[in-house]
Amino acid sequence: MIVIVTSLVAMFLGACSDPAVVTATRGVRLEPGVTYSADLDDDGTSEHILVDEQHRSLLLTDGDTCYRSRDKWQVVEAHLGDTDHDGLLEVVTLLTSERGNHIGLFAYFGGEYRERLVTSSLHPLPVSLEVRVGEDGGDVILVTEESADEQTKGTVIYRWNGFGFRVLDTPIE
Ligand SMILES: [Ca+2]
Ligand SMILES: [Ca+2]
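Residues numbered from 1 in each chain as written. Chains lettered and ligands numbered in written order. Predicted model: local features only at pLDDT ≥ 70, side-chain atom pairs only at ≥ 80, totals over all residues. Heavy atoms only, no water.

Attention shifts here to the nonpolar core. Counting 19 residues, the largest nonpolar core has Leu-40, Ile-49, Leu-58, Leu-60, Leu-80, Val-91 and Phe-106 as the members making the most contacts within it. Contributions of two or more residues to this core are made by strand S2 (35–38), strand S3 (47–51), strand S4 (58–62), strand S6 (74–81) and strand S7 (90–97). Of the residues forming this core, the biggest block, 3 residues, is contributed by S6. Setting aside anything within four residues of it in sequence, one finds Val-91 in contact with Leu-30, Ile-49, Leu-58, Leu-60, Ala-78, His-79, Leu-80, Gly-104, Leu-105 and Phe-106. Of all hydrophobic cores here, the second largest spans 14 residues; its members include Leu-94, Leu-105, Val-131 and Phe-165. (Core = buried A, V, L, I, M, F, W, Y, C linked by side-chain atoms within 4.5 Å. Buried < 20%, exposed > 50% of the residue type's maximum accessible area, 1.4 Å probe, protein only. Helix = DSSP H or I, 4+ residues; strand = E, 2+ residues; numbered from the N terminus. Contact = heavy atoms within 4.5 Å.)

Here we take up the environment of Gly-27. In this structure, Gly-27 sits in the loop between strand S1 (21–23) and S2. Sequence-wise, Gly-27 and Asp-139 are 112 residues apart; in three dimensions their C-alpha atoms are separated by 8.3 Å. Sequence-distant contacts of Gly-27, that is, excluding residues within four places in its chain, are made with His-79, Leu-80, Gly-81 and Val-131.

This part is about the coordination of the calcium ion (ligand 1). When four donors bind a metal tetrahedrally, each ideal donor-metal-donor angle is 109.5 degrees, and when six bind octahedrally, the ideal angles are 90 or 180 degrees. For the calcium ion (ligand 1), the full set of protein donor atoms is Asp-39 (OD), Asp-41 (OD), Asp-43 (OD), Thr-45 (O), Glu-47 (OE) and Glu-47 (OE), and the range of their distances to it is 2.1 to 2.7 Å. Geometry at the calcium ion (ligand 1) is irregular, judged from its 6 donor atoms and the angles of 53 to 176 degrees they form at the metal. Sequence positions of the residues that donate to the calcium ion (ligand 1) give the spacing D-x1-D-x1-D-x1-T-x1-E. Assessed through its relative accessible area of 15%, Asp-41 is described here as buried. (Donors = N, O, S within 2.8 Å, 3.2 Å for Na, K, Ca; no water. Tetrahedral: all angles 85-135°; square planar, octahedral: opposite > 155°, others 65-115°.)

The next thing to look at is the sheet that holds strand S11 (residues 139–146). On the basis of which strands lie adjacent, the open sheet formed by 4 strands has the order S10-S11-S12-S13 and antiparallel pairing. Since the sheet does not close on itself, it has two edges, and those belong to strand S10 (126–133) and strand S13 (165–168), each with one partner. Adjacent strand axes in the sheet meet at a mean angle of 30 degrees, parallel and antiparallel pairs treated alike. Here S11 runs beside strand S12 (residues 153–160); their pairing, made up of 6 bridges, is antiparallel. Residue Ile-141 lies in a different strand from S12, and its bridge partner there is Tyr-158. (Pairing = 2+ DSSP bridges. Axes fitted to C-alpha atoms, helices over the stretch in contact; angles between N-to-C directions.)

Counting across every chain of the model gives 7 salt bridges. Residues Asp-139 and Arg-26 are paired through a salt bridge, measuring 2.6 Å at the closest nitrogen-oxygen approach. With Asp-139 in strand S11 and Arg-26 in the loop between S1 and S2, the pair connects residues that are 113 residues apart, well separated along the chain. You can call Asp-139 buried: its relative accessible area is 1%. Glu-130 serves as the salt-bridge partner of Arg-132, at 2.9 Å between the closest nitrogen and oxygen. Exposure remark for Arg-132: the relative accessible area of 30% places this residue in the partly exposed category. Assessed through its relative accessible area of 33%, Glu-130 is described here as partly exposed. Here the residues in one salt-bridge network are Arg-29, Glu-31 and Glu-77, joined through shared partners. (Salt bridge = Lys/Arg side-chain N within 4 Å of Asp/Glu carboxyl O.)

By themselves, these observations are geometric and do not establish any function.
Okay, here's the thing in structure tokens:
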């Protein structure tokens with residue numbers, strides 16, 4: 001009898017690897033549980049980006065380097081964009097913590113993968129976001145907020161001002 005042994009070990013090696021990888025481009029939404037590839041440090045080689053479905057943490061893998069976001073934040077939504085206008089794509093996230101909801105950028109910055117910026121808990125409560133191209137061609141963050149009466153929702157634009165985000169009170173359809 002001939003026994004054919006197929007090794008599946010490779011599929012389970014490495015918590016940060018995934019055989020099914022989707023190429024991500026500027027502006028796309030990154031769905032949890034899907035591994036995306038994008039070049040975050042502009043060295044010509046793509047990194048892997050994964051929002052862990054169970055723990056809702058963000059994993060960035062560049063060769064042997066693996067960055068995982070801190071446990072105190074859960075990723076509600078993640079998108080790809082260059083919202084701090086430094087020429088490198090970063091992962092733009094809506095985060096939730098026991099303190100509330102935050103906007104967080106995770107990027108290659110200062111020679112390492114790290115949390116580039118995480119806002120304090122925001123009010124009104126942001127409930128969704130997406131990356132859009134702004135009037136000047138640079139990426140901005142369109143944030144959907146819950147209004148005070150919790151029945152209606154409004155949108156505001158977060159635009160980078162050089163060291164943080166400034167909120168533009170510009171409703172968009
Ligand atoms: Ca790279
Ligand atoms: Ca950037």
